[in-house]
Amino acid sequence: MPLVPMRVLLDHAAENDYGLAAFNVNNMEQIQAILAAAEETDSPVIIQASRGARSYTNDAYLRHLMLAAAELHPSTPIAMHQDHGNSPETCLSAIEQGFTSVMMDGSLKADGKTPADFEYNADVTRKVVDAAHAQGVTVEGELGCLGGVEDGHGAGLSAEEAMQHLTDPDQAEEFVALTGVDALAVAIGTSHGAYKFTEKPTGDVLVMSVIEEIHRRLPNTHLVMHGSSSVPQELLEIIRQYGGEMKQTYGVPVEEIRRGIKNGVRKINVDTDNRLAITGAIRKVFATNKGEFDPRKYLGVSREAMKQVCVDRMVAFGQAGNASKIKPVTCKEMVCFYQRAGCGARDHALVG
Ligand code: G3H
Ligand code: 13P
Ligand code: ZN
């Protein structure tokens, strides 16, 4: 089936009380790992590419890899999403490349570092919503700032500083009314990258009350959790065992994410866990077979290791078993949906 707008998947998840992992990709093996996991578990998928991923792969390679994924997996609904678009131009160029969903991250200025004010954020996000919805493409916005830095994207806030920039429920309500976004990324104490928490989380690591309050006020807006890797200790251990250096660190427990899903979280961003799985698998090959120089031998096992992480998340978030239940909808059909619904598109569930 053709790539589907992300909104279709989020609506289905909302109506059936589950969440969808959104996995970052940078190469063919990562895309293959996600699709293999999706086939095994009958899961709909969100595949996302950051600006860094787009420049690493070159848009043309990425576009054709995604078309290959759709061709080879005709019964898997796949949404292709721009992760952390830093400007309307980035989002528009993603739409030109066939992405069916974009994130306009106006919580930071276009440099991807400086926290932006509410007016700037609402203004750039509204512009993207107007252009994207006219083509049936889904839009995710972000309010509040996460901690950590990923490849130049992120305010570089420490975990403590990030706690001062949590999403304000009053502002969330106003932001959604002003912009008409389909989905809203909220800051509730997560951060990007492997180094999230130095102490083992003992429950209540996230400010769940913020999610609960935003969901209460905006029951029809799909909430998004960034920085949601769980940093499994066994993956850190494999990296260390085979010569890597990883300081002690902890991620977001899957149980906390499931609490979020009960309160309106529909998209959960996971990148770091796959990076850890890939790195550990490759290190193991290099450490145990020093004569190996066939890339298929180490890229193949890294693909398998990533697939296992994807299967685990798909099952834990509840998206497993849902691919075959989703009626495919094209971006063209979504144009009519947004036209009918006007700015209040978010108030109308699409998929029954
Ligand atoms: O939020 C960022 C994602 O983990 C992507 O990271 O910018 O290094 O590709 P990246
Ligand atoms: P992690 O670094 O926790 O995997 O988060 C990824 C992310 O939020 C991508 O936007
Ligand atoms: Zn993110």
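What you see is a predicted model; the values in this text were computed from it and never measured.

Caption draft 1: Structural detail: helix H12 (residues 272-288). In a regular helix each residue adds 1.5 Å, so 17 residues correspond to 24 Å; H12 covers 24 Å between its end C-alpha atoms and thus fits that length. The complete set of buried residues in H12 reads Thr272, Asp273, Asn274, Leu276, Ala277, Ile278, Gly280, Ala281 and Ile282. Among the structural elements, strand E1 (20-24), helix H2 (28-41), helix H10 (233-241), strand E8 (265-270) and helix H13 (295-317) are those in contact with the buried residues of H12.

Caption draft 2: How the structure looks around the confidence of the model for the chain. Chain-level statistics for the chain give a pLDDT mean of 93 and a share of 95% at 70 or above. Averaged pLDDT values over the elements of the chain bottom out at 70 in helix H7 (residues 159-162) and peak at 99 in E1. Low pLDDT, under 50, characterises residues 343-352; the predicted model gives this stretch 26 contacts beyond four residues in sequence or across chains.

Caption draft 3: Up close: unusual backbone geometry. Unusually for a residue other than glycine, Asp17 sits at a positive phi of about 55°. Within the element layout of this structure, Asp17 appears in the loop between helix H1 (6-15) and E1. Of note in the backbone geometry, Val231 takes a positive phi value of approximately 45° without being a glycine. Along the chain, Val231 falls in the loop between strand E7 (222-225) and H10. The buried category is assigned to Val231, around which 20 C-beta atoms lie within 10 Å.

Caption draft 4: Region of the structure containing the site of ligand 2. If you check the shell around ligand 2, you find 13 residues, and the closest are His226, Ser229, Asn269, Asp271 and Thr272. Contributing elements (two or more residues each) for the shell around ligand 2: strand E3 (78-85) and E8. Residues that form the shell around ligand 2 fall into these classes: one nonpolar, ten polar and two charged.

Caption draft 5: Structural detail: the environment of His226. Mapped onto the elements of the fold, His226 is located in the loop between E7 and H10. A count of 28 C-beta atoms within 10 Å places His226 in the buried class. Distance in space between the C-alpha atoms of His226 and Val311 is 19 Å, their sequence separation being 85 residues. Excluding residues that lie within four positions of it along the chain, His226 makes contacts with Leu146, Ala185, Thr190, His192 and Asn269.

Caption draft 6: Quick look at the nonpolar core. Residues Leu9, Ile34, Ile47, Val102, Leu184 and Val186 are the most contacted members of the largest nonpolar core, which totals 96 residues. Those residues in contact with Leu9, other than ones at most four positions away along the chain, are Val4, Leu20, Pro44, Ile46, Pro77, Ala79 and Ile326.

About the cut-offs
Residues numbered from 1 in each chain as written. Chains lettered and ligands numbered in written order. Predicted model: local features only at pLDDT ≥ 70, side-chain atom pairs only at ≥ 80, totals over all residues. Helix = DSSP H or I, 4+ residues; strand = E, 2+ residues; numbered from the N terminus. Expected span 1.5 Å × (residues − 1). Buried ≥ 20, exposed ≤ 12 C-beta atoms within 10 Å, placed from the backbone. Contact = placed C-beta atoms within 7 Å. pLDDT = per-residue confidence, 0-100. Near = placed C-beta within 6 Å. Nonpolar A, V, L, I, M, F, W, Y, C, P; charged D, E, K, R; others polar. Core = buried A, V, L, I, M, F, W, Y, C linked by C-beta atoms within 7 Å.

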